[in-house]
Amino acid sequence: MPTPQQPSLIVRQKSPQNIEFPFASLSDWLIPTELFFVRNHFPSPDLDARDWRLRVGGAVERPIELGLDSIKAMRSTTFTAVVECAGNGRIYYVPPKEGLQWQNGAVGNAAWTGVLLREILEMAGVKRTAREVLLVGADSGVVDTNRKTASPGPIAFARSLPLEKAIADSTILAYSMNEEPLTRDHGYPLRAVVGGWFGMAWVKWITHITVVEQPFLGYWQARDYFRWERSLGEPRLVPLAEMEVKAQIARPVQGARLIAGQPYRIFGAAWSGEAAIRQVQVCTGDGRGWREGRLLETERPFAWRLWEYMWTPEEVGRYILRCRAIDGAGCVQPDLQRSDCESYAANWIVPVEVTVVPEPQTYEEEFVI
């Protein structure tokens, strides 16, 4: 049962299951697996590791086939990385956008263990003509039946990575999450972990890896999970890739009542793509502008940073709390939504309104989600 300390997960869709972490309950650097958000495009496949195989082919010298035991026998690597659904924050778009109406909990930080994708590719011998690496999951179905955006019959979830990202130290094939085997909803028996990239690149239930010599233009690359890019003047479509710099306030929640003269901890998390978080700034709406928040824990590449700011409101009234992140590449979280991101990459500042009252008030506990 949910408690004031641990609200329940938020079901955004029952079938296929899509579940949001209650971000207001954030307390630890790692999100426990049972509280981690779930993003499924199709029902989670029920795979038996004894029968499951990973097949690697395409532009390689030696097509290979590996079982889970063979992969686990390879040299393992563990790293902590944050993954955010590209649609996280979609509910804040004005006007509303199509898609799952995620608030701010389709994001999480976990410890992942597996093998470098690069080492699997080296076993197969990637040809010099290779350009991208296609990852194909065991989940499949028909998308948008009878609509213009309909898939051409049943399709698998499949996404490609540029070869340089596929062979980077930040891309692994994981079989463990938070020191336990992957759960079914989180990709058992094997999933991609692509540090710094939105979750659509973290393909779950991988069964096939195909090295390709031309850009992959499959459904999930060219018809969904894209944005507009204007570097050449006229807008052109490009696949989503890196996450955008972003900080979110976990507490206080929208509508919270604070007591004048009492210190309060403004607390949340911040993350970015390939660059590390360098600053989180907080504005409390009391006329003092942006002030420096304190980053918590040690910086680790591709993991998020928890942060806090201690604030003592002196006057009663309503206040608008805002936070913004700045990363090592100099990217600053924007004030306003952008028109070129379709319904994705909602990383603009989302204000939290609180009321400061003169003394404690007695009222029922409320969950704000």
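Quick notes on the rules
Residues numbered from 1 in each chain as written. Predicted model: local features only at pLDDT ≥ 70, side-chain atom pairs only at ≥ 80, totals over all residues. Heavy atoms only, no water. UniProt positions renumbered as here; feature names shortened; annotations may be inferred. Phe/Tyr/Trp six-rings, centres within 6.5 Å; stacked < 30°, edge-to-face > 60°. Helix = DSSP H or I, 4+ residues; strand = E, 2+ residues; numbered from the N terminus. Buried < 20%, exposed > 50% of the residue type's maximum accessible area, 1.4 Å probe, protein only. Salt bridge = Lys/Arg side-chain N within 4 Å of Asp/Glu carboxyl O. Pairing = 2+ DSSP bridges. Axes fitted to C-alpha atoms, helices over the stretch in contact; angles between N-to-C directions.

The protein goes by Molybdopterin-binding oxidoreductase protein in an unreviewed UniProt entry, where it is assigned to Rhizobium gallicum bv. gallicum R602sp. UniProt lists a comment for the protein under the heading Cofactor (unreviewed entry), and it reads "Mo-molybdopterin".

Any chance you could explain the packing of aromatic side chains here in plain terms?
Applying the stated criterion across every chain, the model contains 15 aromatic pairs. Judged by centre distance (4.9 Å) and plane angle (45°), the ring pair of F157 and W220 falls under tilted. One end of the pair, F157, is in strand β8 (residues 155-162); the other, W220, is in helix α4 (residues 219-223), and 63 residues separate them in sequence. W220 matches F157 in its accessibility class, with the two residues each being buried. Consider the rings of W271 and W304, whose centres lie 5.9 Å apart with planes at 40°: the pair is tilted. Of the two residues, W271 is situated in strand β17 (residues 264-271) and W304 in the loop between β20 (294-295) and β21 (305-311); the sequence distance between them amounts to 33 residues.

Any chance you could explain the pattern of salt bridges here in plain terms?
When their charged atoms lie close together, side chains carrying opposite charge are able to pair. Considering all chains together, one arrives at 18 salt bridges under this definition. Of the charged contacts in the structure, one is a salt bridge between E20 and R12, with a shortest N-O distance of 2.7 Å. Since its relative accessible area comes to 0%, E20 is described here as buried. The exposure class assigned to R12 is partly exposed, which follows from its relative accessible area of 27%. Close ionic contact of D48 with R50 constitutes a salt bridge, the shortest N to O distance being 2.7 Å. Judged by relative accessible area, which is 30%, D48 ranks as partly exposed. Bridged by salt links that share partners, the residues R53, R55 and E65 form one connected network.

How should I be thinking about the sheet that holds strand β7 (residues 132-141) in this particular structure?
Adjacent strands of a sheet pair through backbone hydrogen bonds, lying either parallel or antiparallel. A sheet is described by the order of its strands in space; here five strands give the open sequence β4-β3-β12-β7-β8, paired in mixed fashion. Of all strands in the sheet, those with a lone pairing partner are β4 (64-66) and β8, marking the two edges. Here the average twist between neighbouring strands, direction ignored, is 20°. The sheet contact formed by strand β3 (residues 54-58) and strand β12 (residues 206-212) spans four bridges and is parallel.

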